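Fold and geometry: a report
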Amino acid sequence: MNDIFLKACRGEAVPYTPVWIMRQAGRYLEQYQAVRRKVDFLALCKTPELAAEVTIQPVDILGVDAAILFSDILIPVEAMGMELEFIDGRGPVLSPPVRDEDSLNRLSVADPGEKTGFVMQTIRILRKELEGRVPLIGFSGAPFTTATYMIEGGTSKNFLNTKKMIFRSPGLYAALMEKVTRTLTAYLKAQIEAGAQAVQLFDTWGGIFSPADFREYALPYVTGIIGELRDWLESRNSGHVPVIYYVGETGGLLEEIRSCGADVYGIDWRINLDDAVKRLGGDAVVQGNLDPAALFLPRHGIEERVKDILGRASSARGHIFNLGHGVLPETPPENVVALVETVHHLSGK
Ligand code: CP3
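About the thresholds
- Residues numbered from 1 in each chain as written.
- Predicted model: local features only at pLDDT ≥ 70, side-chain atom pairs only at ≥ 80, totals over all residues.
- Heavy atoms only, no water.
- Pairing = 2+ DSSP bridges.
- Helix = DSSP H or I, 4+ residues; strand = E, 2+ residues; numbered from the N terminus.
- 1 Å grid on protein atoms, 1.4 Å probe; cavity = no way out; pocket = protein on both sides within 12 Å on 5 of 7 lines; lining within 4 Å.
- Points joined across faces, edges and corners; volume = space filled by probe spheres on them.
- Nonpolar A, V, L, I, M, F, W, Y, C, P; charged D, E, K, R; others polar.
- Near = heavy atom within 4 Å.
- Polar contact = N/O pair within 3.5 Å; in protein donor to acceptor, adjacent residues only side chain to side chain.
- Areas by Shrake-Rupley, 256 points an atom, 1.4 Å probe, with all protein chains shown as cover.
- Sits in = over half its atoms within 2 Å of the grid points.
- Disulfide = S-S within 2.5 Å.
- Buried < 20%, exposed > 50% of the residue type's maximum accessible area, 1.4 Å probe, protein only.
- Right-handed = clockwise from strand over helix to strand, strands pointing away.

Another aspect to go through is the sheet that holds strand 6 (residues 243-247). Pairing between sheet strands relies on hydrogen bonds along the backbone, with the strands arranged either parallel or antiparallel. Read across the sheet, 7 strands follow the order 1-4-5-6-7-8-9 without closing on themselves; strand pairing throughout is parallel. The sheet is open, and its two borders are formed by strand 1 (67-68) and strand 9 (318-323), each paired with just one other strand.

Take a look at the structure:
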């Protein structure tokens with residue numbers, strides 16, 4: 001079994017730097033598009049055999065060191081009772097947006113087995129089909145990023161509805177975050193029970209905050225989930241399951257996030273990795289952090305940047321190579337293959 005990714009998460013010695021790619025299953029792959037021509041995105045997420053198939057595609061095509069469950073961070077939000085649609089060219093739409101007590105009261109803390117059993121079934125299929133080739137990563141949105149979609153009703157540019165709620169109705173915001181956090185905690189536990197070997201929390205929009213507001217309005221909920229997962233794992237004696245915490249635009253928040261208890265910190269490309277390691281306290285395991293657009297460089301350009309990142313990562317306790325955000329839909333797949341080969345080759349394989 002290739003457990004190099006899990007070893008790196010724990011900060012153990014590894015023969016080469018493991019690599020996986022955020023959004024590694026997706027539209028840049030012809031093989032993914034072929035499946036998507038038959039079903040829409042949500043149906044794909046809810047059909048375990050197909051979701052498992054597209055999860056494994058990048059493992060076969062790219063040779064990455066981990067698989068990530070094919071799903072979406074908005075699946076548990078639909079399970080709480082919101083209506084979810086993905087509209088071409090516009091992205092996700094959630095309705096009605098949560099802006100007052102009434103719309104919040106209509107939502108429940110979702111039971112993961114009852115409402116999202118298809119996710120757990122996908123994980124069980126994947127563990128069988130992967131046969132230990134690479135570990136399987138489960139995931140959810142972090143509470144704050146998840147809540148922005150619920151409050152805005154979809155993607156946003158300035159997150160003004162979210163900040164208005166935080167600043168004008170802090171009690172309502174806290175009640176929403178409590179419901180979201182309870183849902184996501186149960187959802188991640190269920191994924192681990194079904195067979196996820198590591199989990200990543202995506203806080204894509206964490207960087208919209210000042211450090212002080214991040215510390216008050218986003219971080220406690222992340223720390224809460226991670227603490228509860230740890231206690232739960234310990235009580236079941238089920239071994240260590242690494243938690244990766246990814247924050248978009250991490251640079252201004254490193255001194256804040258280092259207390260959350262994650263095993264691994266996902267770093268975007270706007271900061272040098274050695275700098276990030278230093279500001280995380282010097283003893284961190286990091287994941288990242290190539291600019292997704294660098295995959296449009298010619299091969300020697302990609303190689304140079306990989307070399308630079310690997311050099312900077314040498315100060316970390318452990319490093320998992322990844323992009324600083326998801327792979328872009330227009331990316332040439334052969335460049336992603338070249339990236340994975342280059343990381344393996346230059347780091348020792
Ligand atoms: O990484 C993987 O390969 C696993 C699958 C995965 C998806 N979404 C599939 C997806 C993961 C981990 C996510 C996380 C996710 N979803 C995030 C956090 C990470 C990030 O990229 O910031 C967010 C913010 C979402 C919400 C979301 N889902 C948006 C805003 C969109 C529309 C934008 C877009 O790229 O189309 C999605 C759709 C989505 N999620 C697609 C995929 C493959 C595209 C759907 C399609 O096939 O048309």
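After that view, the rundown keeps rolling.
Let's shift gears to the layout of surface pockets. Within this model, the largest pocket holds a volume of roughly 1,500 Å³. For the lining of the largest pocket, the secondary structure elements donating two or more residues are helix 2 (30-36), helix 3 (41-45), strand 2 (83-87) and strand 3 (91-95). In terms of residue class, the lining of the largest pocket is built from 27 nonpolar, 11 polar and 10 charged.

What follows is about the site of the ligand. Close to the ligand lie 22 residues; R23, R27, Y32, D72 and H325 are nearest. Interatomic distance of 3.1 Å between a backbone N/O atom of A25 and an oxygen atom of the ligand. Compared with its free state, where it exposes 860 Å², the ligand has 88% of that area covered by protein. In a pocket analysis with a 2 Å cut-off to the grid points, the ligand is assigned to the largest pocket. Residues belonging to the shell around the ligand are distributed by class as follows: 13 nonpolar, 5 polar and 4 charged.

This part takes up the state of the cysteines. Here the structure, examined in full by the defined rule, presents 0 disulfides. In this structure C260 is a free cysteine whose sulfur lies 14 Å from that of C9, the closest cysteine sulfur available. The class of C260 is buried, set by a relative accessible area of 2%.

Moving on, we come to the pairing of strand 8 (residues 285-290). In terms of residue burial, strand 8 counts as a mostly covered element, since 6 of its 6 residues are buried. As defined by bridge partners, strand 7 (residues 264-266) adjoins strand 8 across 3 bridges and the pair is classed as parallel. When the sheet's bridge partners are listed, G266 is paired in strand 8 with Q287. For the crossover from strand 7 across helix 15 (residues 273-279) to strand 8, the handedness is right-handed. Between strand 8 and its parallel partner strand 9, the chain crosses via helix 16 (residues 299-313), and the hand of that crossover is right-handed.

Turning next to the pairing of strand 6. The element strand 6 is extensively covered by neighbouring structure, given that 5 of its 5 residues are classed as buried. As judged from the 5 bridges shared by strand 5 (residues 198-203) and strand 6, these two strands associate in the parallel manner. Looking at strand 6, one finds that L201 is bridged to Y245. Of the pairings in the sheet, the one linking strand 6 to strand 7 comprises 3 bridges and is parallel in character. Paired with Y245 across the strands is Y265, a residue of strand 7.

Any link to function would need more than the numbers given here.
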